[in-house]
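Architecture and fold: a report
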Amino acid sequence: DNQRILYQYCLRRIPVKKIVSIALATAALVAFGSCTSKPSAKAQLPSDEAPSWTIPAGEVIVLDNFEEGNFWVAVGDSWDQWGAHNWSIDADLTEEWKSEGDYAAVWEWDPNLGPPSDQATFFCDQLVETDWTGIIAVVIDVNNVGDAPFTMQFNTQTSDAWQWTQTPSTTIPPGVHTVVFDLTAGLQDGSSADIDAIPSIDVMKRAMFTVTSSQGPTKTLVDNIRLVKE
């Protein structure tokens, strides 16, 4: 069951992971408690035009590169008691593809992804960095191995109240992309109200990536999740 799986996941967690901080020189370059998921409006998939992501200048902190194990969980039905069913199925390591190192992650979701929640969420609450003061963006390498786009947003829960924040969804076409989630603009709280900043950002409890809509893909490969600090 989900509680046993999550318990085993916590036992596997390596207590210290290497944090790599580097200066970004060029533009080449996410506890038990309240796990309430924030119901999101139906995400509309934009046109075929490829998105453009710009990585802001700043210090880069590697949040997870999947070289020390898998610390991400697919929500599945574990949040059903707090809201609408989550459509994520599995989160695991893969050698099928990687953007660096030897491993990446594969995140899978139900092909029926859609109402009422429009959410397939993959989360980590064993973060190597919990004080996100000054963090302005989250960057992730994504390999959409499908033949159609899907949309994804980034979510956080902060403080002992597990306050919810989410970014706008962005469309990820087929292929490999370096995707940037801006943490300084377009944010909403758990009531879909616009907010200027992530509250209690210095007490980060959980980081999440949520697939909000899909035109066909049922999985994606991801690697090299990093934070950009101003």
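Quick look at the structure, then. (Residues numbered from 1 in each chain as written. Predicted model: local features only at pLDDT ≥ 70, side-chain atom pairs only at ≥ 80, totals over all residues. Heavy atoms only, no water.)

Let's talk about the pattern of salt bridges
Taken as a whole and assessed by the stated rule, the structure comprises four salt bridges. Where glutamate 96 meets lysine 219, a salt bridge forms, and the shortest distance between an N and an O atom there is 3.5 Å. With a gap of 123 residues between them, glutamate 96 in the loop between strand E4 (88-94) and strand E5 (104-109) and lysine 219 in strand E15 (residues 219-229) connect regions that are remote in the sequence. Aspartate 141 is the partner of arginine 226 in a salt bridge, and the nearest nitrogen-oxygen pair spans 3.1 Å. Of this pair, arginine 226 sits in strand E15 while aspartate 141 sits in strand E7 (residues 135-144); the two residues are 85 residues apart in sequence, bridging distant segments of the chain. The pair formed by arginine 226 and aspartate 141 is uniform in burial state, with each residue classed as buried. (Salt bridge = Lys/Arg side-chain N within 4 Å of Asp/Glu carboxyl O. Helix = DSSP H or I, 4+ residues; strand = E, 2+ residues; numbered from the N terminus. Buried < 20%, exposed > 50% of the residue type's maximum accessible area, 1.4 Å probe, protein only.)

Quick look at the nonpolar core
Residues Trp107, Trp132, Val138, Ile140, Phe209 and Ile225 are the most contacted members of the largest nonpolar core, which totals 45 residues. Elements supplying a minimum of two residues to this core: strand E2 (59-64), E5, strand E6 (120-124), E7, strand E8 (150-158), strand E11 (175-182), strand E14 (204-214) and E15. Ranked by residues supplied to this core, first place goes to E7 with seven residues. Sequence-distant contacts of isoleucine 140, defined by excluding residues within four places in its chain, comprise Trp107, His177, Thr178, Val179, Phe181, Phe209, Val222, Asp223, Asn224, Ile225 and Arg226. If you look at the next biggest cluster of nonpolar residues, it comprises six residues, including Val73, Trp79, Phe123 and Trp164. (Core = buried A, V, L, I, M, F, W, Y, C linked by side-chain atoms within 4.5 Å. Contact = heavy atoms within 4.5 Å.)

Overview of the packing of aromatic side chains
Applying the stated criterion across every chain, the model contains 10 aromatic pairs. Ring centres of tryptophan 109 and phenylalanine 150 lie 5.2 Å apart, and the angle between their planes is 65°; on these two criteria the pair is classed as edge-to-face. Taken together, the residues span a long stretch of sequence, with tryptophan 109 in strand E5 and phenylalanine 150 in strand E8 at a distance of 41 residues. For the residue pair tryptophan 109 and phenylalanine 150, the accessibility class agrees, reading buried in each case. Joined through ring pairs, the aromatic side chains of Trp72, Trp107, Phe122, Trp132, Phe154, Phe181 and Phe209 make up one cluster. If you follow arginine 206 out to its NZ or CZ, it ends over the ring of phenylalanine 123, 4.3 Å from the centre. (Phe/Tyr/Trp six-rings, centres within 6.5 Å; stacked < 30°, edge-to-face > 60°. Lys NZ or Arg CZ within 6 Å of the ring centre and 35° of its normal.)

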